[in-house]
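Here are the chains, one letter per residue:
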Amino acid sequence: MSAVMLRLLAMLLAAGLAGCEFDEADDVPDDAAAETVSVVQEAAEPIGAAVAAVAHDIEDAVGEVAELLPTPPPAPPAAALPIAPEAIDLLVQHEIGSEALYTRRYQGIACPGGHSGPTIGIGWDLGTQTRATILEEWAEHPEVQRLAEAAGHTGPARCKAMQRKLGDIRVSYAQARRVFERYSLVKYYRIAHRSFGAEFEHAHPKVKGALTDTVYMRGGSMNGSRRTELRHIRDHCLAPDNACTADQVQRQIRLWVGTDIERNMRRRTTENAMLIRSASA
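Here's what I pulled together on the structure shown here. (Residues numbered from 1 in each chain as written. Predicted model: local features only at pLDDT ≥ 70, side-chain atom pairs only at ≥ 80, totals over all residues. Heavy atoms only, no water.)

**So, the overall build of the protein chain**
Convention followed: The helix and strand labels rest on DSSP assignments: H or I over at least four residues marks a helix, E over at least two residues marks a strand, and numbering proceeds from the N terminus. Exposure classes here rest on a 1.4 Å probe applied to the protein chains alone. A residue is buried below 20% of its type maximum, exposed above 50%, and partly exposed in between. Two residues qualify as a contact provided that any one of their heavy atoms is within 4.5 Å of a heavy atom in the partner residue.
Counting its secondary structure elements, the protein chain contains twelve helices and two strands. When the helices and strands of the protein chain are placed in sequence order, the string is α-α-α-α-β-β-α-α-α-α-α-α-α-α. Across the 281 residues in the protein chain, those meeting the buried criterion constitute 39%. Put simply, of all contacts in the protein chain between residues at least 6 apart along the chain, 66% involve residues at least 24 apart.

**Digging into helix 10 (residues 228-237)**
Rules: Directions pointing from the helix axis toward each C-beta atom define the arc.
Burial in helix 10 covers these residues: E229, L230, I233 and C237. End-on, the buried residues of helix 10 take up no more than an arc of 105 degrees, which puts them together on one face. Where helix 10 is buried, its residues meet helix 8 (173-196), helix 9 (205-218) and helix 11 (242-251).

**Remarks on the packing of aromatic side chains**
Test applied: Note on aromatic contacts: the rings of Phe and Tyr and the six-membered ring of Trp form a pair at centre separations within 6.5 Å, being stacked when their planes are under 30 degrees apart, edge-to-face when over 60 apart, and tilted otherwise.
According to the stated counting rule, one finds six aromatic pairs in the structure shown. Ring centres 6.0 Å apart and planes at 90 degrees place the aromatic pair W124 and W138 in the edge-to-face group. Within this pair, whereas W124 is found in strand 2 (residues 124-125), its partner W138 is found in the loop between helix 5 (131-137) and helix 6 (144-147), the two being separated by 14 residues in sequence. There is no split in this pair, since W124 and W138 are both buried. For the pair F180 and Y216, a centre-to-centre distance of 5.9 Å together with 70 degrees between the ring planes defines the contact as edge-to-face. With F180 in helix 8 and Y216 in helix 9, this residue pair connects regions lying 36 residues apart in the sequence. The exposure class of F180 is buried, given its relative accessible area of 1%. For Y216, a relative accessible area of 13% puts it in the buried group.

**Thoughts on the state of the cysteines**
Going by this rule: We call a pair of cysteine sulfur atoms a disulfide whenever their separation is within 2.5 Å.
For the structure shown, the criterion picks out two disulfides. One disulfide in the model links C111 with C159; its S-S distance is 2.1 Å. Residues C111 and C159 are joined by a disulfide whose S-S torsion is about -105 degrees; by sign, that bridge is left-handed. Of this pair, C111 sits in the loop between helix 4 (99-105) and strand 1 (119-120) while C159 is found in helix 7 (residues 156-165), placing the two residues 48 residues apart along the sequence. Taking only the cysteines that form disulfides and numbering them from first to last, the protein chain has the pattern 1-2, 3-4.

**Here we look at the packing of helix 3 (residues 85-96) against helix 12 (residues 262-278)**
Packed helices, taken two at a time, are described by the angle their axes make and the gap between the axes. Operational definition: Fitted lines through C-alpha atoms serve as axes, helices being fitted only where they are in contact, and the angles separating the N-to-C directions of these axes extend from 0 to 180 degrees. An angle below 35 degrees is treated as roughly parallel, one above 145 as roughly antiparallel, one from 65 to 115 as roughly perpendicular, and anything else as oblique. We call Asp, Glu, Lys and Arg charged. Ala, Val, Leu, Ile, Met, Phe, Trp, Tyr, Cys and Pro are nonpolar, and the rest, Gly among them, are polar.
For the pair helix 3 and helix 12, interaxial distance at closest approach is 11 Å and the crossing angle is 175 degrees. It follows from the interaxial angle that helix 3 and helix 12 lie roughly antiparallel. Contact residues: E86, A87, L90, L91, Q93, H94 and E95 in helix 3; R267, R268, E271, N272 and L275 in helix 12. Tallied by class, the residues present in the contact of helix 3 with helix 12 amount to four nonpolar, three polar and five charged.

**A word on the nonpolar core**
What counts, and what does not: Residues grouped as a nonpolar core are buried Ala, Val, Leu, Ile, Met, Phe, Trp, Tyr and Cys residues, joined through side-chain atoms within 4.5 Å.
Grouped together as the largest cluster of nonpolar side chains are 55 residues, with contacts concentrated most on I120, W138, F180, F196, L211 and L238. Among the elements that take part in this core, helix 8 stands out by supplying ten residues, more than any other. Each residue touching L238, except ones within four places of it in the same chain, is listed here: F196, E199, F200, A203, V207, L211, I233 and T245.

**Considering the side chain of K208**
Put simply, the test is: Neither His nor the chain ends contribute to the count of charged residues, in which Lys and Arg are positive and Asp and Glu negative. Whenever a carboxyl oxygen of Asp or Glu lies within 4 Å of a side-chain nitrogen of Lys or Arg, that contact is scored as a salt bridge.
By the element assignment, K208 lies in helix 9. Of the side chains bearing the opposite charge, E201 lies closest to the buried K208, which forms no salt bridge; the N-O distance is 5.7 Å. Apart from the residues within four sequence positions on either side, K208 is in contact with P82, I83, Y189, F200, E201 and A203.

Structure (structure tokens):
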């Protein structure tokens, strides 16, 4: 049921309750009937508001689920993606820092927290993937069969258990980068293409890269108040107005002000905005 239909239902419910009347045959005193109607009418407004609030939540959830559906516009092979190389490098840097830092700290299996599962490579969450996907995308890894055991294991407790079980496995930077460019980058490019619409096709390769990074960290939903900047980019900025796009990318920081990730997100949105502005230089 769409959010519009739910809001309509709320209005009809409120109107119906407000218009309730008692038949003359009802054995209810007039003053009691009037009091009952008054109570029902007062209840109608919060009920309608509650249904409308649920409608907003469902609308946002539907957008998130839509990210998992097949993407209409086909994407070119990874090697042919029209994304600027420096944009790809920046996305990787945002995820793992430098190659040296990755080699020193991230070659093993990590548990990022929350709903995440055992994570390897460049943000590749084994727990949220199917066994078949792991076997396909990590086919070149000598321990791929063991990695596939982590499929479906999400949440802190299950992630830690798999981390202990698979703790000896290492993923080199070269392997991580190869899987990222061959699979992950293509997937998120497709989501960005679908989310930002036809004008995304005509954007500069740097802009495409920065928006792909935006989708990588936030998903491709365009619904809800948290997606105001993304809708503005889609509807008013793309493709010719890079200054407009950069400004909206940077404005996203409002979502993380006061949180423990504000500093990192401010750096990420600022660097993406700078990359977009450099496309017009």
